[in-house]
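Residue strings, one per chain:
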Amino acid sequence: MVMPLSTFLQSIGLESLRQRLEEEELTVDLLLSMGRHLHTNLEEIGISKTEAETIYRALRNTDPVASPATQQLELPTSVREDQLKQPMVILVDHGLCNRLRAVLSYRQIAQSQALQLLVVWCRDDQCNGEFLDCFAPLPGVRFTRQLPHWAPAPERINHCHVAIKDTPAETESYAALLPCSSLRAAIDARVRECTPFVAVHIRRTDMSVLATTQPNGRYSVETTDAAFDAFLEEFPHYNVYIATDCGHTQARFSKRYERRMKATVRPRYERRRWRQTTLMDAVIDLYMCAASEHFMGSYGSSFSDTIIHLRSVHGQASQLDRHTFATVQDW
């Protein structure tokens, strides 16, 4: 592990810079990644040339009077300046699972190039929360709300990287995606309440609008209420878990399957919004569906796609699962 920023600055007598660097969301990892651009980037945020040079020398581990703490930095003395690279920077947008597939696939590309991944993740109407609100930190990935002054202009991404898409690496990338400890406890408790159970993800709100432009009509055929009812009726001896983004849909299925729905805590819906539940509720739904005995998803939904990936990496996939990944041509 590279040492915390506060420890590093204290070791080189520049603890007074801590607040300024933290305001820019800089870490020792990110300072290391700047390489030849470090002096310019630091001076742009008000760090003097002398202070920038002190930081640079300490990071290079070439300061002859460096303290023992500085020597702990994981940067060999033989490293050349041109080996210190800028991080890969992406700005993710659209809904939660569009962002997740972008982060997880670009993380793999960044790792293959020995780069850190810097992700600009902005809360908005399509994704009403931040990654670290719900998930454990991802090694090699740094999240920020705003692009730092020193960072290169990011790509705007909401898809899986083309080199990862439709390869085994796409599914494997989801093994690193873990809920934070508080949500893990809530998910485990809910799984215990419901087991054994089957789950469905019923995508409505914006998806029903998008489906009107779909050329082959598969959404209309594969994700009707009747199709989900038929799937649930195939397993009459199992409890039922309903994951949906729509309060009206949740009410309709809850009324029909009330005796088989064992979860005592259910999402609260704000029906005038596209995203009618909290991001935490959505993440709980992801992992509940991933833990079910059998699962049916909504055609064309990245949320359902994510559930299938999670079921696969956690050994929960079933031959009776029902979900088809949409192709680019479908949308």
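A brief report on the enclosed structure follows. (Residues numbered from 1 in each chain as written. Predicted model: local features only at pLDDT ≥ 70, side-chain atom pairs only at ≥ 80, totals over all residues. Heavy atoms only, no water.)

A few words now on the packing of aromatic side chains. Under the definition given, this model contains eight aromatic pairs. Ring plane angle 75° and centroid distance 6.0 Å describe the contact between Trp121 and Phe143, whose orientation is recorded as edge-to-face. Residue Trp121 is located in strand S2 (residues 117–121), and its partner Phe143 is located in strand S3 (residues 141–144); the two are separated by 22 residues in the primary sequence. Residues Trp121 and Phe143 agree in their burial class; the two are buried. In textbook terms, an aromatic cluster arises when at least three aromatic residues are bridged by ring pairs, as seen for Trp121, Phe131, Phe135 and Phe143. Between the NZ or CZ atom of Arg252 and the centre of the ring of Phe253, over which it lies, the distance is 4.5 Å. (Phe/Tyr/Trp six-rings, centres within 6.5 Å; stacked < 30°, edge-to-face > 60°. Helix = DSSP H or I, 4+ residues; strand = E, 2+ residues; numbered from the N terminus. Buried < 20%, exposed > 50% of the residue type's maximum accessible area, 1.4 Å probe, protein only. Lys NZ or Arg CZ within 6 Å of the ring centre and 35° of its normal.)

Our focus in this paragraph is the environment of Ser298. Mapped onto the elements, Ser298 comes out in the loop between strand S7 (294–296) and helix H15 (302–313). Contact partners of Ser298, with chain neighbours within four places excluded, come to His201, Ile202, Arg203, Thr223, Phe228, Ser304 and His323. (Contact = heavy atoms within 4.5 Å.)

The subject of this paragraph is the side chain of Arg99. By the secondary structure assignment, Arg99 is in helix H6 (residues 96–112). When sequence neighbours within four positions are dropped, the list of residues in contact with Arg99 reads Val92, Asp93, His94, Trp121, Cys122, Asp124 and Cys127.

The tally for this structure, following the rule as stated, stands at 17 salt bridges. Between Arg203 and Asp245 there is a salt bridge, with its nearest N and O atoms 3.4 Å apart. Of this pair, Arg203 sits in the loop between strand S5 (197–202) and helix H10 (206–210) while Asp245 sits in the loop between strand S6 (239–244) and helix H13 (247–257), and the two are 42 residues apart along the sequence. Classification of Asp245 by relative accessible area gives buried; the value is 11%. Each of Asp225, Asp229, Glu233, Arg252 and Arg256 takes part in one network of salt bridges that share partners. (Salt bridge = Lys/Arg side-chain N within 4 Å of Asp/Glu carboxyl O.)

In this section: the sheet that holds S3. The strands making up a sheet associate through hydrogen bonds between their backbones, and the pairing can be parallel or antiparallel. Read from one edge to the other, the open sheet built from four strands follows the order S3-S2-S1-S4, with strand pairing classed as parallel. Edge positions in the sheet fall to S3 and strand S4 (155–157), since each has one partner strand and no second. Neighbour-to-neighbour, the strand axes of this sheet turn through a mean angle of 30°, independent of strand direction. The pairing of S2 with S3 spans four bridges and is parallel. Residue pairing across strands places Leu118 opposite Arg142, the latter belonging to S3. (Pairing = 2+ DSSP bridges. Axes fitted to C-alpha atoms, helices over the stretch in contact; angles between N-to-C directions.)

Here we take up the sheet that holds S7. With parallel pairing, three strands are arranged side by side in an open sheet as S6-S5-S7. Here the strands that pair on one side only, and so sit at the sheet edges, are S6 and S7. With direction set aside, neighbouring strand axes in the sheet form an average angle of 15°. Note: S5 against S7, three bridges, orientation parallel. In the strand pairing of S7, Ala199 is matched with Phe295. Packing against the sheet, helix H12 (residues 225–233) makes contact with S5, S6 and S7, and its axis sits at approximately 170° to S5. Along the sheet, helix H14 (residues 279–291) makes contact with S5, S6 and S7, crossing S6 at roughly 145°.

Turning to the pairing of S6, a few remarks are in order. The buried fraction of S6 amounts to six of the six residues, a majority that puts the element mostly inside the structure. The alternating pattern of S6 places Asn239, Tyr241 and Ala243 and Val240, Ile242 and Thr244 on opposite faces, both of which are buried. Alignment of S5 against S6, held across six bridges, turns out to be parallel. Within S6, the position partnered with His201 by the bridge is Ala243.

We now examine H15. With twelve residues, H15 should reach 16 Å at 1.5 Å per residue; the first-to-last C-alpha distance of 17 Å fits that figure. Summarising burial for H15: ten of the twelve residues are buried, a large majority. Every buried residue belonging to H15 is among Ser302, Phe303, Ser304, Asp305, Thr306, Ile307, Ile308, His309, Leu310 and Arg311, and all of these are buried. Looking at the packing, one finds that the buried side of H15 touches H6, helix H8 (168–172), S5, H14 and S7. For H15, the capping residue at the N-terminal end is Ser301, with a side-chain oxygen 3.2 Å from the backbone nitrogen of Phe303. (Expected span 1.5 Å × (residues − 1). Polar contact = N/O pair within 3.5 Å; in protein donor to acceptor, adjacent residues only side chain to side chain.)

Here we take up the packing of H14 against H15. Orientation of H14 relative to H15, taken along the N-to-C sense of each, is 50°, at an axis distance of 8 Å. With respect to their mutual orientation, H14 and H15 come out oblique. Here H14 runs over H15; the crossing is right-handed. Residue-level inspection shows Ala282, Asp285, Leu286, Tyr287, Cys289, Ala290 and Ala291 of H14 in contact with H15, the latter providing Phe303, Thr306, Ile307, Leu310 and Arg311. Classifying every residue of the contact of H14 with H15 gives nine nonpolar, one polar and two charged. (Parallel < 35°, antiparallel > 145°, perpendicular 65-115°, else oblique. Left-handed = near helix turned anticlockwise from the far one by under 90°. Nonpolar A, V, L, I, M, F, W, Y, C, P; charged D, E, K, R; others polar.)

Let's shift gears to the packing of helix H9 (residues 181–194) against H14. Two numbers describe how H9 lies on H14: the axes approach to 10 Å, and their chain directions differ by 45°. The orientation of H9 with respect to H14, classified from their angle, is oblique. Judged by the twist between their axes, the crossing of H9 over H14 is right-handed. Side by side, H9 and H14 meet where Leu183, Ala186, Ile187, Arg190, Val191 and Cys194 of the first sit next to Met280, Val283, Ile284, Tyr287, Met288 and Ala291 of the second. The residue makeup of the contact of H9 with H14, split by class, is eleven nonpolar, no polar and one charged.

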